[in-house]
Amino acid sequence: MFCNQCEETAKGLGCTVRGVCGKDKETAGLQDVLIYVLKGLSARNLAAMKNGGGNPDAGRFVGGCLFATLTNVNFDPARLRDMIREAARIRDALPASGSAEPDACTWVPAGPAAIAAKAQEIVAARDAVDPDLRSLHDLLIYGLKGIGAYSHHAAALGYEDQEIAAFMQEGLAATLQDLTAGDMVGYVLACGKVGVKTFALLDAANTTAYGTPAITTVSTAAGTRPGILVTGHDLKDLADLLEQTRGAGVDVYTHGEMLPAHAYPALAKYDHLVGNYGGSWPFQREEFDRFNGPVLVTTNCLVPPKDSYRDRVYTTGLVGYAGLKHVDAPADGKKDFSALIEHAKRCEPPQDISRGDLITGCAHAPVLAIADTVISAVKSGAVKRFVVMAGCDGRHSGRDYYTRFAEALPADTVILTAGCAKYRYNSLDLGDIGGIPRVLDAGQCNDCYSLVVIAQALAEAFGVGINDLPVSYNIAWYEQKAVLVLLSLLSLGIKDITLGPRLPAFVSPGILKVLVENFGIKGIATVEEDLERMVPGN
Ligand code: SF4
Ligand code: SF3
């Protein structure tokens, strides 16, 4: 196996024996083969669409499969094998696009041995590719995984966009062609642009379905009734579960990336949505243990469970792990959570691990509603600088850097955040500046879109370019959704982003040089050095 797609990749180079995330060799191979067949499917479908035919639903399928290969989503070989078979079936139902079709368009996943051999071949083929070109291929595929994930969330709420669906397929098919590095740079930048479009689509889907978020204080205390813990990013799963648990005598808690759900009126209206339990995904093994009740994992990040709570974990959607219970989506889309709810009733209430109240819901609408206050605070000098500290959390011990950085920020700075990175500092009690919370949490990682909307509105109000605002970027990444966030920020022309805790292993020295020269991307150094650079004269 070879996998280098996340920040925790072995030795900062690549996982070759077993993933640090827990992904084994077989699963890694199946994910590689799935991507390979998706490339062939995409090439065929694009050719068919050019001729007025094609499969209009293929984009949705491709997006879902890309999502399944994202870090910490699907560890289940049986499910991945089914996806490979289905991808080949969809591909083979499309007309062949000529005699010179690439192998990915025609290769047959005949059985486990053929798939394993293909997986080996895919890994070996990487070595033959120029390192810079390979780096661009990786960057594009990982950005596309982000698009696949976010477009899947939007699709769950009935929001789809043909341009986004077509781009996923164009990007996949591009990696089968003999393109130059220049051409691939074009695709990578286009991926960022389509990323912004995908974020906007998901924002529209979430706010239409669940209302405009409001700045909200969320309790982290444990109640006295049995509970269900919902983690991941899928708001629809939470909404459906809340509806099905009405009057059931159990409480529902959010975990990790589900925290911002409390800010949406159509979700907050349920009295039995009582609070947020625990922190970000890396701490789930301890937190799920102490929760005592069932846990519903709707998306990334799933960590291989401990035996002590394994029977209480339910996966759904694209999340998979052999041996865990899975809640399927039937054809009518109505998931049945009754087994999980009955399970909860038999459990003890959660142990209390509270860490004070948390503030969330500082999305573009509520923040722009107080734009006058924000603008006057900047003009008066009460707020000197904003620091965007969005992105992912992770297990890397060096991530305490983000806690120390947040603590060291001067009292006249405001942190703008989104994603699970915030758990490193959202319980620090950094106070407020004239009523503006010093940690403005826009929501999930996809709500980085809100931060962009806020920055654009500020730039317009001050009549300056986006890079001339008093805003610095100190982004933490872990998985491929964050790769898309980064590409999206670059596509908007945002410069001088600091990225940590380590730079991606898949960025070659040559491509890093391009990123540094054109965009001013830097890795983190020490808190003191970075503070001096990002908040000059602090
Ligand atoms: Fe390794 Fe990350 Fe890939 Fe898992 S997702 S195998 S930890 S690089
Ligand atoms: Fe987190 Fe997995 Fe990236 Fe959505 S839940 S930001 S790491």
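Parameters and conventions
Residues numbered from 1 in each chain as written. Chains lettered and ligands numbered in written order. Predicted model: local features only at pLDDT ≥ 70, side-chain atom pairs only at ≥ 80, totals over all residues. Heavy atoms only, no water. Salt bridge = Lys/Arg side-chain N within 4 Å of Asp/Glu carboxyl O. Helix = DSSP H or I, 4+ residues; strand = E, 2+ residues; numbered from the N terminus. Buried < 20%, exposed > 50% of the residue type's maximum accessible area, 1.4 Å probe, protein only. UniProt positions renumbered as here; feature names shortened; annotations may be inferred. Contact = heavy atoms within 4.5 Å. Polar contact = N/O pair within 3.5 Å; in protein donor to acceptor, adjacent residues only side chain to side chain. Axes fitted to C-alpha atoms, helices over the stretch in contact; angles between N-to-C directions. Parallel < 35°, antiparallel > 145°, perpendicular 65-115°, else oblique. Left-handed = near helix turned anticlockwise from the far one by under 90°. Pairing = 2+ DSSP bridges. Near = heavy atom within 4 Å. Nonpolar A, V, L, I, M, F, W, Y, C, P; charged D, E, K, R; others polar. Core = buried A, V, L, I, M, F, W, Y, C linked by side-chain atoms within 4.5 Å. Phe/Tyr/Trp six-rings, centres within 6.5 Å; stacked < 30°, edge-to-face > 60°. Right-handed = clockwise from strand over helix to strand, strands pointing away. pLDDT = per-residue confidence, 0-100.

Draft legend 1. Looking closely at the pattern of salt bridges. By the definition in use, this model includes 31 salt bridges. With a shortest N-O distance of 2.8 Å, R395 and E8 are connected by a salt bridge. In this pair, R395 sits in the loop between β9 (385-388) and α15 (400-408) while E8 sits in the segment before α1 (25-50), placing the two residues 387 residues apart along the sequence. Judged by its relative accessible area of 7%, E8 is buried. As a salt-bridge pair, R91 and D92 come within 2.8 Å of each other at their nearest N and O atoms. One salt-bridge network, held together by shared partners, links R44, R91, D92 and E101.

Draft legend 2. Summary view of the UniProt feature "binding site: hybrid [4Fe-2O-2S] cluster" (unreviewed entry) in the chain. When the UniProt feature table is mapped onto this chain numbering, "binding site: hybrid [4Fe-2O-2S] cluster" (unreviewed entry) sits at H233, E257, C301, C392, C420, C445, E479 and K481. For the residues just named, distributed over 249 residues, the greatest C-alpha separation is only 13.9 Å, placing them together at one site. Relative to the helices and strands, C445 is located in the loop between β13 (439-441) and α16 (448-462). If sequence neighbours within four positions are ignored, C445 has contacts with Y150, H233, E257, A418, G419, K481 and V485. The topology assignment puts K481 in helix α17 (residues 480-491). Filtering out sequence-adjacent residues up to four positions away, K481 remains in contact with F67, L70, G146, A149, Y150, H153, H233, T299, N300 and C445. A polar atom in the side chain of K481 sits 3.0 Å from the side chain of N300.

Draft legend 3. Inspection of the packing of α1 against helix α3 (residues 77-92) at higher detail. For the pair α1 and α3, interaxial distance at closest approach is 9 Å and the crossing angle is 15 degrees. Overall, the two elements α1 and α3 adopt an arrangement that is roughly parallel. Of the two elements, α1 crosses α3, and the hand of that crossing is left-handed. Where α1 approaches α3, its residues E26, T27, L30, Q31, V33, L34, V37, L38, G40, L41 and R44 are matched on the opposing element by P77, L80, R81, M83, I84, A87, A88, I90, R91 and D92.

Draft legend 4. Just the UniProt feature "binding site: [4Fe-4S] cluster" (unreviewed entry) in the chain, in detail. Those residues carrying the UniProt feature "binding site: [4Fe-4S] cluster" (unreviewed entry) are C3, C6, C15 and C21 in this numbering. Spatially, the listed residues are clustered: although they cover 19 residues, their C-alpha atoms lie within 10.6 Å of one another. Take C3: it is sitting in the segment before α1. Residue class for C3 comes out buried when judged on its relative accessible area of 16%. When residues no more than four places from it in sequence are discounted, the contact partners of C3 are T9, G14, C15 and K23. Setting aside its immediate chain neighbours within four residues, C6 contacts T71, W477, Y478 and Q480.

Draft legend 5. Layout of the sheet that holds β9. The strand order across the open sheet formed by six strands is β13-β10-β9-β14-β15-β16, and the pairing between neighbours is parallel. If you trace the sheet from one side to the other, it starts and ends with β13 and β16 (522-523), each paired once. One ladder, built from three bridges, connects strand β10 (residues 413-417) with β13; its direction is parallel. Opposite L416, over in β13, you have L440 as the bridge partner. In the packing of helix α19 (residues 527-534) onto the sheet, contacts are made with β9, β14 (471-476), β15 (497-500) and β16, and the angle to β14 comes to roughly 145 degrees.

Draft legend 6. Layout of the site of ligand 1. Neighbouring ligand 1 are M1, C3, N4, Q5, C6, T9, C15, G19, V20, C21, K23 and T71. Residue composition of the shell around ligand 1, by class: six nonpolar, five polar and one charged.

Draft legend 7. Looking closely at the site of ligand 2. Near ligand 2, the surroundings consist of H233, E257, W281, N300, C301, G391, C392, C420, C445, Y478 and E479. Residue classes in the shell around ligand 2 are distributed as six nonpolar, three polar and two charged.

Draft legend 8. Region of the structure containing the sheet that holds strand β6 (residues 313-316). Read across the sheet, six strands follow the order β4-β3-β2-β5-β6-β7 without closing on themselves; strand pairing throughout is parallel. Single-partner strands in this sheet number two, and they are β4 (273-276) and β7 (325-327). Strand after strand, the sheet turns through a mean of 30 degrees between neighbouring axes, direction not considered. Strand contacts of helix α9 (residues 235-244): β2 (227-231), β3 (251-254), β4 and β6, with the helix running at about 165 degrees to β3, the strand carrying the most contacts.

Draft legend 9. The arrangement of the nonpolar core in detail. In this structure, L38, L144, I147, L238, L267 and F386 are the most contacted members of the largest nonpolar core, which totals 155 residues. With eleven residues, the single largest contributor to this core is helix α6 (residues 131-156). When neighbours within four sequence positions are excluded, L144 is seen to be in contact with L66, F167, M168, G171, L172 and C191. One finds V387, F405, I415 and Y425 within the second-largest nonpolar core, a separate group that totals 17 residues.

Draft legend 10. Looking closely at the packing of aromatic side chains. Scanning the entire structure with this criterion turns up 13 aromatic pairs. Their ring planes at 55 degrees and their centres at 5.0 Å tell us that Y150 and F199 sit as a pair that is tilted. Residue Y150 is located in helix α6, and its partner F199 is located in helix α8 (residues 181-210); the two are separated by 49 residues in the primary sequence. Look at Y150 and you get buried, because its relative accessible area is 0%.

Draft legend 11. Highlighting the pairing of β10. Counting buried residues along β10, five of its five residues qualify, which places the element largely inside the surrounding structure. The side-chain alternation of β10 yields two buried faces, one formed by T413, I415 and T417 and the other by V414 and L416. Where β9 lies against β10, four bridges are found, and the strand directions are parallel. Pairing of F386 across the sheet is with V414, part of β10. Between β9 and its parallel partner β10, the chain crosses via α15, and the hand of that crossover is right-handed.

Draft legend 12. Summary view of the confidence of the model for the chain. Mean pLDDT for the chain: 97, with 100% of residues reaching 70 or above. Reported confidences for the modelled complex are a pTM of 0.98 and an ipTM of 0.98.

Draft legend 13. View of the packing of α6 against α17. At a closest axis distance of 7 Å, the pairing of α6 and α17 adopts a crossing angle of 100 degrees. Looking at the two axes, α6 sits roughly perpendicular to α17. Between α6 and α17, the residues in contact are L139, Y142, G143, K145, G146, I147, A149, Y150 and H153 and Q480, K481, V483, L484 and L487, respectively. In terms of residue class, the contact of α6 with α17 is built from eight nonpolar, four polar and two charged.

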